[in-house]
Amino acid sequence: MKQCLITVLLCTAVSLNALAADPAAGEAKAAVCVACHGPAGNSVNPEWPKLAGQHADYTAKQIRDFMAGVTRNNALMAPMIAGLSDEDIENISAYYARQTSTGGFASEELHALGERIYRGGNAESGVPACIACHGPRGGGSGLAGFPALAGQHAVYTAKQIDDWRLGNRSNDANEMMADAVRYLTPQETRAVSEYIAGLH
């Protein structure tokens, strides 16, 4: 009961931070982000993530993790975010949360396999269904800290899956993602990444 109350209070505090943010100020501060993440957070380079429509709390956490450079480390991101204040981070995250993702492409060839992994996992190898945390349409859950995936570039998603599996990324709660993707095959990784890109 005590743990549940603490969780509710933490979620409420995070949500209040997001509500107090200034998206207009975030848009101005995010001008430098456009070069990689595109106008309104819709990147055109498949190696760089779309930020449009992402939960503000999730985006804020990723920025702070990149700043710390321990659980997420990226030589391109580090200098871009080095001078951001906590207020800047909240404002930028709120701005991107209000944008609309342009969606993505899913190949017909791998659609069936991708859908099977996303919706049902692979019981034989112990891969859980992605839908359990990220939802039927890839919307995730802001309060739970599960990111929105719908429309994300397949190349970027596949790279993140590989990074979790190889231990190059470790900023997931209780190693949930590392455990979830541990036994995905390369073909399953590609298939589920492309399926996610086609979710709307």
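Scroll up to find the structure this text is about.
Student: Give a detailed account of the overall build of the protein chain, specifying residues and quantitative values.
Tutor: Along the backbone of the protein chain there are 11 helices and 0 strands. Each principal axis of the C-alpha distribution contributes one length, and for the protein chain these read about 45 × 45 × 30 Å. Taking all 200 residues of the protein chain together, 40% fall into the buried category. For the protein chain, contacts bridging at least 24 residues in sequence account for 70% of all contacts bridging at least 6. Looking at charge distribution, the protein chain has the averaged site of its 15 positive side-chain charges lying 2 Å from that of its 20 negative ones.

Student: How would you summarise the packing of aromatic side chains if you had to cite specific residues and measurements?
Tutor: This structure, assessed with the given rule, holds 2 aromatic pairs. Between the aromatic rings of Tyr95 and Tyr96, the centroid separation amounts to 5.0 Å while the plane-to-plane angle is 55 degrees, which identifies the pairing as tilted. Comparing Tyr95 with Tyr96 shows no difference in burial state: the two are buried. Considering the side-chain rings of Tyr118 and Tyr195, the 5.5 Å spacing of their centres and the 50 degrees angle between planes classify their relative orientation as tilted. Separated by 77 residues along the polypeptide, Tyr118 in helix α7 (residues 111-120) and Tyr195 in helix α11 (residues 186-197) bring together distant segments of the chain.

Student: Give me the layout of surface pockets: which residues, what numbers.
Tutor: When its volume is computed, the second largest pocket comes out at roughly 200 Å³. In this structure, the second largest pocket is lined by 16 residues; those nearest its centre are Ala52, Ser101, Ala148, Leu149 and Ala150. Of the residues assigned to the lining of the second largest pocket, the class counts are 5 nonpolar, 9 polar and 2 charged.

Student: Go over the state of the cysteines with me, naming the residues and quoting the values.
Tutor: Enumeration over the complete set of coordinates arrives at 0 disulfides. Take Cys36: it sits in no disulfide, and the sulfur closest to it among the cysteines is that of Cys33, at 8.7 Å. In this model Cys133 remains outside any disulfide bridge; the closest cysteine sulfur is found in Cys130, 8.9 Å from its own. Its relative accessible area of 26% is what places Cys133 among the partly exposed residues.

Student: A description of helix α6 (residues 86-97) should follow, citing residues and the corresponding values.
Tutor: Over its 12 residues, α6 extends 17 Å from the first C-alpha to the last, a length consistent with the 16 Å expected when each residue adds 1.5 Å. Here α6 lies mainly inside the structure; 9 of its 12 residues are buried. Turning to α6, its buried residues number three or more, namely Asp88, Ile89, Glu90, Asn91, Ile92, Ser93, Ala94, Tyr95 and Tyr96.

Student: Run through the side chain of Gln160, naming residues and quoting values.
Tutor: Locating Gln160 in the fold gives a position in helix α9 (residues 154-166). We classify Gln160 as buried; its relative accessible area is 7%. Apart from the residues within four sequence positions on either side, Gln160 is in contact with Arg72 and Arg169.

Student: Explain the packing of helix α4 (residues 56-68) against α6 to me, using residue names and the numbers behind them.
Tutor: Axis separation between α4 and α6 bottoms out at 8 Å; the angle between their running directions is 135 degrees. By the angle between their axes, α4 is oblique relative to α6. In this structure, α4 meets α6 at a crossing whose hand is right-handed. Seen from α4, the contacting residues are Ala56, Thr59, Ala60, Ile63, Arg64 and Met67; seen from α6, they are Asp86, Ile89, Glu90, Ser93, Ala94 and Ala97. Class assignment for the residues of the contact of α4 with α6 results in 7 nonpolar, 2 polar and 3 charged.

Student: Outline the packing of α7 against α11, listing residues and values.
Tutor: The N-to-C vectors of α7 and α11 enclose an angle of 85 degrees; their axes lie 7 Å apart at closest approach. Comparing their axes, α11 and α7 come out roughly perpendicular. Residues His111, Leu113, Gly114, Glu115, Ile117, Tyr118 and Arg119 of α7 touch α11, and the partners they reach there are Gln187, Glu188, Ala191, Val192, Tyr195 and Ile196. Taken together, the residues of the contact of α7 with α11 break down into 7 nonpolar, 3 polar and 3 charged.

What counts, and at which threshold
- Residues numbered from 1 in each chain as written.
- Predicted model: local features only at pLDDT ≥ 70, side-chain atom pairs only at ≥ 80, totals over all residues.
- Heavy atoms only, no water.
- Helix = DSSP H or I, 4+ residues; strand = E, 2+ residues; numbered from the N terminus.
- Buried < 20%, exposed > 50% of the residue type's maximum accessible area, 1.4 Å probe, protein only.
- Contact = heavy atoms within 4.5 Å.
- Lys, Arg positive; Asp, Glu negative; His and termini not counted.
- Charge placed at Lys NZ, Arg CZ, Asp CG, Glu CD.
- Phe/Tyr/Trp six-rings, centres within 6.5 Å; stacked < 30°, edge-to-face > 60°.
- 1 Å grid on protein atoms, 1.4 Å probe; cavity = no way out; pocket = protein on both sides within 12 Å on 5 of 7 lines; lining within 4 Å.
- Points joined across faces, edges and corners; volume = space filled by probe spheres on them.
- Nonpolar A, V, L, I, M, F, W, Y, C, P; charged D, E, K, R; others polar.
- Disulfide = S-S within 2.5 Å.
- Expected span 1.5 Å × (residues − 1).
- Axes fitted to C-alpha atoms, helices over the stretch in contact; angles between N-to-C directions.
- Parallel < 35°, antiparallel > 145°, perpendicular 65-115°, else oblique.
- Left-handed = near helix turned anticlockwise from the far one by under 90°.

Note that every value here comes from positions in space, so none of it alone points to a role or purpose.
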